[in-house]
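# Chain and residue survey
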Amino acid sequence: MCGIVGYIGNKKAYPVLIKGLSRLEYRGYDSAGVALLENGTDLNVYKRQGKVQDLVAFVEGKSTAGTLGIGHTRWATHGLPNDINAHPHASGDGRMVLVHNGIIENYDVLKKELIKRGHTFKSETDTEVLVHLIEEIKSKYKVDLVEALRMALNEVHGAYAIVIVSKDEPNKLIAAKKSSPLVVGLGDDEYYLASDATPIIEYTKNVVYLEDEQIAIIDRKDGLRIISIHNKEVSPEITELSMQLEELERGGYDHFMLKEIHEQPRAIHDSFRGRLNAKEGWITLGGLKQYEDQIANANRIIIIACGTSWHAGLVGEYYIEDLARIPVEVEYASEFRYRNPIIRKDDVVIAISQSGETADTLAALKMSKDMGATILGIVNVVGSSISRITHGGSYTHAGPEIGVASTKAFTTQVTLLAMLAMMIAKKRNTISPRRFQALLDEMEALPKKIEKLLLSADRIKEIATEYKDAHNALYLGRGSSFPIALEGALKLKEISYIHAEGYPAAEMKHGPIALIDENMPVFVIATKGPNYEKVVSNIQEVKARKGRIIAIVTEGDTAVKDVAEYVIEIPEADEILVPILATIPFQLISYYIAVMRGCNVDQPRNLAKSVTVE
Ligand code: M6R
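Reference entry: report on the structure contained in this document.

Basis of the calculations
- Residues numbered from 1 in each chain as written.
- Predicted model: local features only at pLDDT ≥ 70, side-chain atom pairs only at ≥ 80, totals over all residues.
- Heavy atoms only, no water.
- Pairing = 2+ DSSP bridges.
- Helix = DSSP H or I, 4+ residues; strand = E, 2+ residues; numbered from the N terminus.
- Contact = heavy atoms within 4.5 Å.
- Axes fitted to C-alpha atoms, helices over the stretch in contact; angles between N-to-C directions.
- Left-handed = near helix turned anticlockwise from the far one by under 90°.
- Nonpolar A, V, L, I, M, F, W, Y, C, P; charged D, E, K, R; others polar.
- Near = heavy atom within 4 Å.
- Polar contact = N/O pair within 3.5 Å; in protein donor to acceptor, adjacent residues only side chain to side chain.
- Areas by Shrake-Rupley, 256 points an atom, 1.4 Å probe, with all protein chains shown as cover.
- 1 Å grid on protein atoms, 1.4 Å probe; cavity = no way out; pocket = protein on both sides within 12 Å on 5 of 7 lines; lining within 4 Å.
- Sits in = over half its atoms within 2 Å of the grid points.
- Domains from an automatic or database assignment.
- Points joined across faces, edges and corners; volume = space filled by probe spheres on them.
- Buried < 20%, exposed > 50% of the residue type's maximum accessible area, 1.4 Å probe, protein only.
- Salt bridge = Lys/Arg side-chain N within 4 Å of Asp/Glu carboxyl O.
- Core = buried A, V, L, I, M, F, W, Y, C linked by side-chain atoms within 4.5 Å.
- Parallel < 35°, antiparallel > 145°, perpendicular 65-115°, else oblique.
- Right-handed = clockwise from strand over helix to strand, strands pointing away.

Let's shift gears to the sheet that holds strand E9 (residues 183–186). Taken together, the eight strands give an open sheet; going across it, the order is E3-E2-E4-E1-E10-E9-E11-E15, and neighbouring strands pair in antiparallel fashion. Of all strands in the sheet, those with a lone pairing partner are strand E3 (42–49) and strand E15 (239–240), marking the two edges. Judged from the six bridges that link them, strand E1 (residues 3–8) and strand E4 (residues 68–74) form a sheet pairing that is antiparallel. Within E4, the position partnered with Ile 4 by the bridge is His 72. Its contacts with the sheet place helix H1 (residues 13–24) against E1, strand E2 (31–38), E4 and strand E10 (191–194), and it is angled at close to 155° to E1. In this fold helix H2 (residues 52–59) packs onto E2 and E3, with an angle of close to 130° to the strand it touches most, E3.

Next up on the list: the packing of helix H7 (residues 264–272) against helix H13 (residues 408–428). Relative to each other, H7 and H13 sit at 30°, their axes nearing to 9 Å. Considering only the axes of H7 and H13, their crossing is right-handed. The residues of H13 that touch H7, namely those facing Gln 264, Arg 266, Ala 267, Ile 268, Ser 271 and Phe 272, are Lys 408, Thr 411, Thr 412, Thr 415, Leu 416 and Met 419. Partitioning the contact of H7 with H13 into residue classes produces five nonpolar, five polar and two charged.

This part is about the site of the ligand. Taken together, 15 residues form the shell around the ligand, and within it Ser 309, Ser 353, Ser 355, Thr 358 and Glu 494 come nearest. One nitrogen or oxygen atom from the main chain of Gln 354 is found 2.7 Å from an oxygen atom belonging to the ligand. For the ligand, an oxygen atom lies 2.4 Å from a polar atom in the side chain of Glu 494. Bound to the protein, the ligand loses 91% of the 410 Å² it would expose on its own. Among the cavities detected, the one that contains the ligand is the second largest pocket. When grouped by side-chain class, the residues that make up the shell around the ligand number five nonpolar, eight polar and two charged. Mapped onto the domain boundaries, the shell around the ligand takes at least three residues apiece from domain 2 (251–455) and domain 3 (456–603).

Our next topic: the layout of surface pockets. One number sums up the size of the largest pocket: a volume of about 870 Å³. For the largest pocket, the lining is made up of 45 residues, of which Tyr 209, Met 243, Val 381, Val 382 and Gly 383 are closest to its centre. Elements with a contribution of two residues or more to the lining of the largest pocket: strand E11 (206–209), E15 and H7. Its residues assigned to classes, the lining of the largest pocket comprises 17 nonpolar, 15 polar and 13 charged. Each of domain 1 (3–247) and domain 2 (251–455) accounts for three or more of the residues forming the lining of the largest pocket. By volume, the second largest pocket amounts to about 620 Å³. Lining the second largest pocket are 28 residues, and of these Gly 307, Thr 308, Glu 494, Ala 608 and Val 611 lie nearest its centre. Of all the secondary structure elements, the ones that give two or more residues to the lining of the second largest pocket are helix H9 (307–324), strand E20 (347–353), helix H11 (359–370) and helix H16 (482–496). In terms of residue count, the dominant contributor to the lining of the second largest pocket is H16 (four residues).

Let us now look at the environment of Leu 288. Looking at the secondary structure, you find Leu 288 in the loop between strand E17 (282–283) and helix H8 (292–296). For Leu 288, a relative accessible area of 3% gives the class buried. Sequence separation of Leu 288 and Asn 519 is 231 residues, and the distance between their C-alpha atoms is 48 Å. Residues contacting Leu 288, with those up to four places away along its chain left out, are Leu 376, Gly 392, Gly 393, Ser 394 and Leu 420.

Bringing the side chain of Asn 277 into the picture now. Tracing the backbone shows Asn 277 in strand E16 (residues 276–277). A polar side-chain atom of Asn 277 sits 3.0 Å from the main-chain amide nitrogen of Lys 279. At a separation of 3.0 Å, a polar atom in the side chain of Asn 277 contacts the main-chain amide nitrogen of Glu 280. Excluding residues within four positions of it along the chain, Asn 277 makes contact with Trp 282, Leu 440 and Glu 444.

Here we come to the pattern of salt bridges. Evaluation of the coordinates by the stated rule reveals 41 salt bridges. Note that Arg 95 and Asp 168 form a salt bridge whose closest N and O atoms lie 2.8 Å from each other. Placement of the pair is Arg 95 in the loop between strand E5 (89–90) and strand E6 (96–104) and Asp 168 in the loop between strand E7 (158–166) and strand E8 (172–178), with a sequence separation of 73 residues. Taking relative accessible area as the criterion, Arg 95 reaches 33% and is therefore assigned partly exposed.

This part covers the nonpolar core. Within soluble globular proteins, side chains that are nonpolar tend to cluster in buried spots. Counting 94 residues, the largest nonpolar core has Ile 301, Ile 303, Ile 320, Leu 420, Tyr 475 and Leu 588 as the members making the most contacts within it. Each of domain 2 (251–455) and domain 3 (456–603) contributes no fewer than three residues to this core. With residues up to four places along the chain from it excluded, the contact list for Ile 301 reads Ile 295, Ile 320, Ile 326, Pro 327, Val 328, Glu 329, Val 348, Ile 350 and Ile 424.

What follows is about the packing of H13 against helix H18 (residues 578–596). At a closest axis distance of 10 Å, the pairing of H13 and H18 adopts a crossing angle of 175°. If you check the angle between H13 and H18, you find them roughly antiparallel. Taking contact as the criterion, the partners of Phe 410, Thr 411, Val 414 and Thr 415 in H13 are, on H18, Ile 580, Thr 583 and Gln 587.

Sheet architecture is open: seven strands sit in the order E5-E6-E7-E8-E12-E13-E14, paired in antiparallel fashion. In this open sheet, the two edge strands, each paired with only one partner strand, are E5 and strand E14 (233–234). Against the sheet, helix H5 (residues 145–153) contacts E6, E7, E8, strand E12 (214–219) and strand E13 (223–228), and its axis sits at roughly 165° relative to E7.

This part covers the pairing of strand E24 (residues 499–504). As paired strands, strand E23 (residues 472–477) and E24 are joined by six bridges and run parallel to one another. Its bridge partner lying in E24, Gly 477 is registered against Pro 504. In this region the chain leaves E23, passes through H16 and returns to the parallel neighbour E24; the handedness of that crossover is right-handed.

Take empty space enclosed by the protein next. Across all of its chains, the model carries two cavities of 30 Å³ or more by this definition. Lining the largest cavity are 13 residues; nearest its centre among them are Cys 2, Thr 77, His 87, Gly 102 and Asp 126. Those elements that place two or more of their residues in the lining of the largest cavity are E6 and helix H4 (126–141). The element contributing the most residues to the lining of the largest cavity is E6, with three residues. Of the residues assigned to the lining of the largest cavity, the class counts are three nonpolar, eight polar and two charged. Taken together, Val 5, Gly 6, Val 16, Leu 17, Gly 20, Tyr 192, Leu 193, Ala 194, Pro 199 and Ile 200 make up the lining of the second largest cavity. Secondary structure elements with two or more residues in the lining of the second largest cavity: E1, H1 and E10. Residue composition of the lining of the second largest cavity, grouped by class: eight nonpolar, two polar and no charged.

Here you go:
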């Protein structure tokens, strides 16, 4: 989490930094700060608890001159979200400032040693320790800033993406990274630095993704030079960005989340475009082609992910086991990596991640790679860390997702998992040609069905009005709709702060049924399919305890209407695609409830889009 930016060039740095921070605010919004080097002599540091707009208000009327500067938007790890702990942090002599995304794990030991050597600290952050360490090394060994940084980075453990400005080297921006992302944008005689490409895209399409343990030295005169922290020269590899600027705007919607919900027909179409053709009867996933045999012959598939992406993994488990008949285990990355898991060479490990930067997922993946497994990725952000360390993978092509609550990223992940399951099933001959063709047809029809479903947004808004004051909610589903119950509950929790639980419908009577009374909204997925009758019985059980039922049903259903307070119809579809369709009403319900409760939908409290700390 945390977003960092930097600029060196001929333009005024401040507006570039502020715009960049606004784009990165999804990564954290506890505080924001900038440092501007004016005339190479005055280092103006402004920082404030709160959002980037609070910083802008604070800076008003103060000097914002300077064509070189750095900025930071924070998601607090060490120390409260207040003005003092906000970045940038300065060295003891105030001549150097630094912004940081990540965690310096041995900061406590380092801090104690530095205190013994006379350093005093203003903040509670690990970052301030790093800038003091660089200062200490610089003066002790009489080396320049790059060398001091290099030596310091060899002493720290943990994750970092940092950018430094120093009065002693006023024509340089110096940056480094390990485990947290950092991108360098190459303009005409100007350079940009950012945690991802979104602050850079409107100025240049040419970027260099820094690799772990690399240091970028950007000099006004000499341009960009990269070395490793072991002092090896690295030649920069330039990548051209394909992202469009409009994708980063709200485009007339009140919130990014609403825009992203409505983008799902397009996003899902993009996720299968060029990868399947119903008329010709084929499916292919280019980035996985080379690993098709490994996947088809895998002893088992392990899916690792966090949060919403983990829910997508659970749906994937149903798909792959049902269609391709390969055992699947779905693991929380944070648990998997710390429990001494058994990973074999014939295991295929698939990471699912929107950002491609989630620290636990990344670490679990690295561990699996070290243990000899084939590691693959289903990732949205192009060029992200997970996409770069995996042997192969497929991008979901959802486009940038800015709202912290994942929406289109989830449905495109599930789409991709359905394609993967179909592709392996075909290869293993575990699917009949008829069913395979039917699924291809259904897949191609999916965007239109979602468009149709989105037409009921106003009705869903009305339904949301009824439940906006609830204190608790239950979400129930069976089979591949069970993970959708989990996802529905997560969406409600994270943006409206209503306590919600997702449960397999039949498990309800093993405990949660005790919670049901006349105040409890119970959202149930009761679409036509093999579990339909059983779910209807579960609905009756809720009804008998006076629970308030809101059911997602297949178009034309009448049986559930009689017992439910509200039904939301989804278009008829193959069972495999129901999880995708059923997700959408839940997204809209959460969205409208959160708006009605006055919550910050795109930036819910305590959260960040990209969780780059463990
Ligand atoms: O970027 P990732 O998909 O790896 O992120 C994983 C979770 O942090 C993420 O899905 C989170 O749960 C979302 N805020 C849920 O809406």
